[in-house]
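Examining the three-dimensional arrangement
If you want the building blocks of each chain, they are given just below.
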Amino acid sequence: MKASSKANSNIALIKYWGKRDKKLILPQNSSVSMTLDSMGVHTTVEFDEKYDKDIVIINDQELPEGEGKKEVTDALDAIRERGKSQLKAKVLSKSNFPIGAGLASSAAGLAALALAGTKALGLDLDSRELSIMARRCSGSASRSVDGGFVQWIRGEQEDGLDSYGKQLFPEDHWPEFRMVVAITSLAEKKIKSRAGMSKTVDNCPYYNCWLNTIDEDIEKVKDGLARKDFTLVGRTAEENCMKMHALMITTKPSIIYWNPATMRILHSVMEWRDDGLESYFTIDAGPQVKIICLEKDLKTIKEKLKGIEGIEDVVICKPGKGAELTEDHLF
Ligand code: PMV
């Protein structure tokens, strides 16, 4: 009753922001992401009668009872429901990047949990079923089951069985495509995405405008990816990110995930672009900036980032692979 898996984070080019069903984690809109090759989580899950409660250890720290642990035990409940089991579990997870800071750690962590957890209960899910399971653990995790470029289809059904991540293009589709993750703060964010998006749906006067333009953004980015039109993909992703942050900022009370270093990077990317260095940015529910660029410009961008105050670390990501099982158990 033990299984282990590895899964990578993903970063959305077209964002998911808002749920239409909080329990099943059904999104208001479809989204498109890239699975990253160098930000991953390795997880071992064991269900056994010897545990009288769920034990969750992340990066060598056992989680105390509370909000953070509840996210994982809720995910375990969804897995138990699917596997018709009452057994408690021990979960041990290690990530190779900071968690809870807007780096999509929940996507990687909960996709890895969905895969190892269902396997540990003897289930053999196909990619669509696994994505639905991962979605119930954390929305964006539905996009980390597959590698490369993935669309999380919104779906229409109330049971959520048509809302899952589907690979658009595999990881070797566009080998020159890069995301440069500029980390500006390692602190855990104060407002988790789950709470942030719920406030936005309830309070932001522009939320419907967002929904009205999403399908167009999705089509543009899919077309751009298919034709490897870097300008179309980058520009659409940046505009979509700005629309999402505009929603956050105009929610009452306002939600601002950016810090001064975030702003410095945005301005720099725009200036470089005016000077002919084509790159774009996207930002999630945190202060980190992901710069979208092509391999040929990496060296110049890394050099330029060195001159910006407040960047703690830089991680270069290529399109990466989807979640997979491993025999390498962590306990
Ligand atoms: O799945 P969550 O609850 O971590 O929400 C992810 C929200 C964003 O990262 C801001 C957007 C996205 O599509 O990944």
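From a predicted model like this one, the values you see are computed outputs, not experimental measurements.

Considering the overall build of the protein
Summing up its helical and strand segments, the protein has eight helices and 14 strands in all. Taking 2.2 N^0.38 as the reference for a compact globule, 331 residues should give roughly 20 Å; the C-alpha atoms of the protein span a radius of gyration of 19 Å, in line with that estimate. Seen through its C-alpha atoms, the protein measures out along the principal axes to roughly 65 × 40 × 40 Å. Sorting the 331 residues of the protein into buried and exposed places 57% on the buried side. Long-range pairs, those at least 24 residues apart, make up 77% of the contacts in the protein between residues at least 6 apart in sequence. Working note: accessible area of the protein is about 14,300 Å², and carbon and sulfur atoms make up 49% of it. Of the charged side chains in the protein, 47 are positive and 50 negative; the average position of the first set lies 2 Å away from that of the second.

Structural notes on the site of the ligand
What surrounds the ligand is a group of 14 residues, the closest being Tyr 16, Ser 106, Ser 140, Arg 143 and Asp 284. One of the side-chain nitrogen or oxygen atoms of Arg 143 is found 2.7 Å away from an oxygen atom of the ligand. Here an oxygen atom of the ligand and a side-chain polar atom of Asp 284 are 3.3 Å apart. Compared with its free state, where it exposes 380 Å², the ligand has 92% of that area covered by protein. Considering only residue class, the shell around the ligand consists of six nonpolar, five polar and three charged.

So, the sheet that holds strand S12 (residues 289-294)
Sheet strands line up and pair through hydrogen bonds in the backbone, either parallel or antiparallel. With antiparallel pairing, four strands are arranged side by side in an open sheet as S11-S12-S10-S13. Lying at the two open borders of the sheet, with one neighbouring strand each, are strand S11 (280-282) and strand S13 (313-317). In this sheet, neighbouring strand axes are inclined to one another by 25° on average, regardless of whether the strands run parallel or antiparallel. When strand S10 (residues 177-183) meets S12, the two strands line up antiparallel, connected through six bridges. The residue of S12 that forms the bridge with Met 179 is Ile 292. Against the sheet, helix H7 (residues 260-274) makes contact with S10, S11 and S12, and its axis sits at roughly 20° relative to S12, the strand it touches most. Across the sheet, helix H8 (residues 298-306) is in contact with S10, S12 and S13; its angle to S12 comes to roughly 150°.

Some points on the packing of helix H1 (residues 67-83) against helix H2 (residues 105-120)
Orientation of H1 relative to H2, taken along the N-to-C sense of each, is 35°, at an axis distance of 10 Å. Seen along the crossing, H1 lies across H2 with a hand that is right-handed. From H1, Glu 71, Val 72, Ala 75, Leu 76 and Ile 79 reach across to H2, where they touch Ser 106, Leu 110, Leu 113, Ala 114, Gly 117 and Thr 118. For the contact of H1 with H2, the per-class residue count stands at seven nonpolar, three polar and one charged.

Quick word on the layout of surface pockets
Reported here for the second largest pocket is a volume of approximately 390 Å³. In terms of lining residues, the second largest pocket is bounded by 19 residues, among which Lys 22, Lys 70, Glu 71, Asp 74 and Arg 194 are the most central. When residues of the lining of the second largest pocket are traced back to their parent elements, those giving at least two are H1, helix H3 (127-137) and helix H4 (193-203). By residue number, the principal contributor to the lining of the second largest pocket is H1, which donates nine residues.

Rules used throughout
- Residues numbered from 1 in each chain as written.
- Predicted model: local features only at pLDDT ≥ 70, side-chain atom pairs only at ≥ 80, totals over all residues.
- Heavy atoms only, no water.
- Helix = DSSP H or I, 4+ residues; strand = E, 2+ residues; numbered from the N terminus.
- Rg over C-alpha atoms; globule rule 2.2 N^0.38 Å.
- Buried < 20%, exposed > 50% of the residue type's maximum accessible area, 1.4 Å probe, protein only.
- Contact = heavy atoms within 4.5 Å.
- Areas by Shrake-Rupley, 256 points an atom, 1.4 Å probe, with all protein chains shown as cover.
- Lys, Arg positive; Asp, Glu negative; His and termini not counted.
- Charge placed at Lys NZ, Arg CZ, Asp CG, Glu CD.
- Near = heavy atom within 4 Å.
- Polar contact = N/O pair within 3.5 Å; in protein donor to acceptor, adjacent residues only side chain to side chain.
- Nonpolar A, V, L, I, M, F, W, Y, C, P; charged D, E, K, R; others polar.
- Pairing = 2+ DSSP bridges.
- Axes fitted to C-alpha atoms, helices over the stretch in contact; angles between N-to-C directions.
- Left-handed = near helix turned anticlockwise from the far one by under 90°.
- 1 Å grid on protein atoms, 1.4 Å probe; cavity = no way out; pocket = protein on both sides within 12 Å on 5 of 7 lines; lining within 4 Å.
- Points joined across faces, edges and corners; volume = space filled by probe spheres on them.

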